[in-house]
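What follows is the residue order along each chain.
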Amino acid sequence: MGDTVDIECGPKDRVHDAIKKTAPGTALRHALDMIIGGNLGALICIGDTDRVISAGGDGFKLDISFTANRLFELAKMDGAIVIDRDLTQILRANYHLNPDPSLPTSETGMRHRTAARMSLLTDALVVSVSERRQVVTLYIGGKGYQLKGVPELMSTVNQLLVSMQSTRAQLDRSLLRLTTLELDNYVTMSDITETIYLFEMLTTISDELDEYILRLGTAGKSIKMQRDEFVGTTSDDYTLLLRDYAKDDHSTEHAAGLRRELHKTANESLRSPKRVAEFLGYEDLEDAILKPLGLRTLSNVSVVRKGMADKIVDEFGSLQQLMDDIERNPSRLDDAGVENPGILANSLYRMWGKRA
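Procedures and definitions
- Residues numbered from 1 in each chain as written.
- Predicted model: local features only at pLDDT ≥ 70, side-chain atom pairs only at ≥ 80, totals over all residues.
- Heavy atoms only, no water.
- Helix = DSSP H or I, 4+ residues; strand = E, 2+ residues; numbered from the N terminus.
- Contact = heavy atoms within 4.5 Å.
- Buried < 20%, exposed > 50% of the residue type's maximum accessible area, 1.4 Å probe, protein only.
- Core = buried A, V, L, I, M, F, W, Y, C linked by side-chain atoms within 4.5 Å.

*Asks:* Quick rundown of the side chain of Ser130? Include the residues and the values.
*Replies:* Within the element layout of this structure, Ser130 appears in the loop between β7 (125-129) and β8 (136-140). Ignoring sequence-local partners within four residues, the contact set of Ser130 consists of Leu40, Arg111, His112 and Val135.

Spelled out as structure tokens, the structure:
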């Protein structure tokens with residue numbers, strides 16, 4: 001098939017637009033499935049219609065409303081079918097395209113060569129359906145992206161969901177352990193590194209699933225629900241973790257910037273405590289004990305309302321200072337605006353595994 005590649009590659013916005021147009025549940029995908037089911041071939045140009053039409057001749061001028069059944073019936077004729085960008089009008093059928101033969105392509109079949117060249121000559125999405133191989137290839141900018149069927153996509157999706165479930169379970173255990181270490185005042189950069197690595201693994205798998213959810217169209221709704229359930233509130237926890245351990249700037253904006261930088265870094269590199277320390281603003285803290293602000297741990301206490309964790313940290317300075325002061329001067333919790341200081345203290349002690 002020449003330079004046909006998987007559909008994740010290429011100019012992202014145009015590829016995503018093509019995926020949406022051809023996803024299961026769309027009228028265009030229904031027509032393509034009927035064309036394959038009818039053992040037919042087809043060459044369909046969508047969008048940039050002025051330049052597409054100027055690259056050919058003959059055929060039939062139609063200007064009729066687009067429907068899946070009409071497209072299927074017109075595919076029984078030779079030549080190309082020209083459709084407007086919004087898939088509302090079928091403009092031409094049995095249209096003979098003559099793109100410049102000097103345009104480069106490594107495709108071998110006549111239909112695929114024409115499709116590749118038309119996608120180079122114009123900004124159209126060009127769809128080629130192989131009668132012999134019964135596959136659909138989308139051409140954008142000269143590159144071919146082969147559509148996969150729902151069963152093939154679901155095989156990969158199920159593997160990703162299993163991986164996501166396992167990663168979420170590991171992350172939950174890591175966060176529970178981290179909370180205990182924070183209350184024990186014994187957190188090292190290695191502990192933070194492991195947790196950040198798991199956050200990034202979960203985010204990476206979620207991003208991969210997003211691509212498949214897009215490609216599955218209406219068949220991806222249940223997958224999105226499962227993905228969202230696994231992700232849960234981890235995004236908030238991740239931001240709070242970075243705010244807790246960043247050396248100088250503990251703002252939400254700085255944490256968001258850190259997340260972008262971490263996400264652009266290969267996950268395997270994030271297994272290095274030295275590398276993670278650099279992101280957080282430290283020179284070398286591989287074995288040193290870290291002092292978290294406590295925003296993440298406090299935010300997981302039910303009586304701490306939204307925004308209250310920041311006020312508590314402003315008052316006490318750190319989670320460890322809060323724990324040290326609870327017994328000596330519990331009235332400071334009242335000064336910080338905590339409505340149920342006793343419940344907060346007891347909750348922290350229970351998380352610590354000790355009694356108040």
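On we go.
*Asks:* Requested: an account of unusual backbone geometry, with residues and values cited.
*Replies:* Most of the time, phi is negative for any residue but glycine, and the peptide bond is trans. The backbone phi angle of Asn94 is positive, close to 55°, even though this residue is not glycine. Within the element layout of this structure, Asn94 appears in strand β6 (residues 89-97). For Asn94, a relative accessible area of 16% translates into the label buried. Phi is positive for Asn185, close to 60°, though the residue is something other than glycine. Here Asn185 is to be found in the loop between α6 (150-184) and β10 (187-188).

*Asks:* If you had to explain the nonpolar core to someone new, which residues and values would you point to?
*Replies:* Judged by nonpolar contacts, the single largest core of 40 residues is most densely connected at Met189, Ile192, Ile196, Leu209, Leu242, Tyr245 and Leu280. Of all the secondary structure elements, the ones that give two or more residues to this core are α6, α7 (189-216), α8 (221-231), α9 (234-245), α10 (252-263) and α11 (273-280). Counting residues per element, this core draws most heavily on α7, which supplies 12 residues. Aside from chain neighbours lying at most four places away, what touches Leu242 is Ile196, Ala255, Leu258, Arg259, Leu262 and Leu280. Core analysis: the next-biggest nonpolar cluster, separate from the first, contains 32 residues, Ile35, Ile90, Ala93 and Val129 among them.

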